[in-house]
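# Notes for the structure review
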Amino acid sequence: MEGEKSSIFFVLLFLNVIWLVGSVSGIGVNWGIQSTHPLPPSTVVKLLKDNGIQRVKLFDADPDILDAMKKSGIQVMVGIPNDMLYTLANSVQAAEKWVSKNVSAHLSSGGVDIRYVAVGNEPFLSTYNGTYESTTLPALQNIQAALTKSGLSNRVKVTVPLNADVYQSSSEKPSDGDFRPDIHDLMLQIVKFLSQNGAPFTVNIYPFISLYSDPNFPVDYAFFNGYQPAINDNGKNYDNVFDANHDTLVWALQKNGFTNVPIIIGEIGWPTDGDKNANLQLAQRFNQGFVSRYYVSQKGTPMRPGPVDAYLFSLIDEDNKSIRPGNFERHWGIFYFDGQPKYQLSLGQSKGLVAASGVDYLAKKWCVLKPSANLNDDQVAPSVAYACENADCTSLGYGTSCGNLDVKGNISYAFNSYYQIHDQLDSACKFPGLSMITDKDPSVGTCKFRIMIQTDSAEGIDGRIWFLRKVFFVLLLYIITIIM
């Protein structure tokens, strides 16, 4: 019996080595699509290739994106959203159907190089209050069974992208790390399952959140410039929080008997706006420091020297993301919404980032506050509130790129954001007695009044929602005019 187990182990190890040899090196990126005007998938795939990015992580299995990936040579991690976990956990047939539609069909019909299926996204966040604790592992098991049945289990690996809050240290030392007590047993079951199937442990690590959440957090400890005094942990020195966080996970795995489980950093990055510590300078410092240390130098961490497998978060800004965690959520991209690079970043090559090509913009015009507008007008506050609620005002506020605007500038920014997101419709610049369209760029210093790109965002369900919002807004203005 022991000999049989040993043979099975070496077969799995051999297959895993073959799978790893076929994997490309280099930093990956997360490609999210929570945008009002997403770039066409073909444009983004070209952007990836032009920048030498060979690995991409998705949050679902959008067929248009996967079609654009055909024969691109880019390795893909497809995602299963949390709201699908219940169905997949309770039905093997649903899992088989999902794999057939979203994995098998794309592998066989044109060469989409799918390497991973990410089951859920940070399902054990403490803020979810255990919502997905009973469904994540069964969903993972059913997807694995479906891959095995389809003959894909050696080619496509399952994983669960987890937030770094699933483990913790009782001190500042990584060696005191273990899995969170309330999910400890569940985590061991998941890690055991991943290990048995030669699958990686995926974790999202965000030094920015450490700084954002704790006003006393030492800023330089979030970066890679040798913060002192370093933390000494049994002879291993930690001079940045990423190494410490990563190795806390390594210790949690080792303590529970899982020494060699591969680790993927599913998300890591730094936002450029929406908070006093979210700006171009710090984002460039962090992302370039990370790439240089772990990809160019391949230094690794004290517990796991060598290359780190990671996906930057993220590729492109998403102006329709929830801002419940903070206004910075819409500004993680290394590219703006239009595919323009935000700052110089070398991804292991001599050149910097290459902009997206073939992007068309709307006309060079903006919606701003009329010079004659009365700031004491009763319509100012509700108009600005409505604009920001239905557009993106996350660049306004203390410490942001537009934090130095005066009151009039703030109002103009809100109006223009609404106007651009609604495709520069004349009706989207009809704030009663307050707004006007201008062809003079109102941008000031670091505060850019953006012009929207031309996309097909007006099509489909999302487009119908935008259309209804526009109709509602026009009717609202009409009613206000009648009342006045």
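Residues numbered from 1 in each chain as written. Predicted model: local features only at pLDDT ≥ 70, side-chain atom pairs only at ≥ 80, totals over all residues. Heavy atoms only, no water.

### Here's the deal with the environment of phenylalanine 179
Rules: Counting from the N terminus, the helices are the DSSP runs of H or I reaching at least four residues and the strands are the DSSP runs of E reaching at least two. Any residue under 20% of the maximum accessible area for its type is buried, any over 50% is exposed, and the rest in between are partly exposed; the area is computed with a 1.4 Å probe on protein chains only. Working rule for contacts: check all heavy atoms of both residues, and any pair within 4.5 Å makes them a contact.
One can find phenylalanine 179 in strand S8 (residues 177-179). Residue phenylalanine 179 is classed as buried on the basis of its relative accessible area of 2%. Among all residues touching phenylalanine 179, those that are not within four sequence positions of it are Val166, Tyr167, His184, Met187, Leu188, Val191, Phe201, Leu249, Ala252, Leu253 and Asn256.

### Thoughts on helix H11 (residues 380-389)
Applicable threshold: Think of it as the arc spanned by the lines of direction from the helix axis to the C-beta atoms.
All of the buried residues along H11 are Val380, Ser383, Tyr386 and Ala387. The arc that holds every buried residue of H11, seen down its axis, measures 140°, which confines them to one face. Residues Ala381 and Glu389 are exposed on H11 and point more than 90 degrees away from its buried face.

### A few points about the packing of aromatic side chains
Two numbers describe a pair of aromatic rings. These are the distance of the centres and the angle of the planes. Worth spelling out the cut-off: Planes of paired rings set the category: under 30 degrees apart is stacked, over 60 is edge-to-face and the rest tilted, where pairs are Phe, Tyr or Trp rings (Trp by its six-membered ring) whose centres lie within 6.5 Å.
Considering all chains together, one arrives at 28 aromatic pairs under this definition. Taking 4.9 Å as the distance between ring centres and 50° as the angle between the ring planes, the aromatic pair formed by tyrosine 206 and tryptophan 332 counts as tilted. With tyrosine 206 in the loop between strand S9 (201-204) and helix H8 (207-213) and tryptophan 332 in the loop between strand S13 (309-312) and strand S14 (366-369), this residue pair connects regions lying 126 residues apart in the sequence. Neither tyrosine 206 nor tryptophan 332 differs from the other in exposure class; each is buried. Look at tyrosine 212 and phenylalanine 328: their rings are 4.7 Å apart centre to centre, the planes differ by 70°, and that puts the pair in the edge-to-face class.

From the geometry alone we can't say anything about function, so treat these as descriptive.
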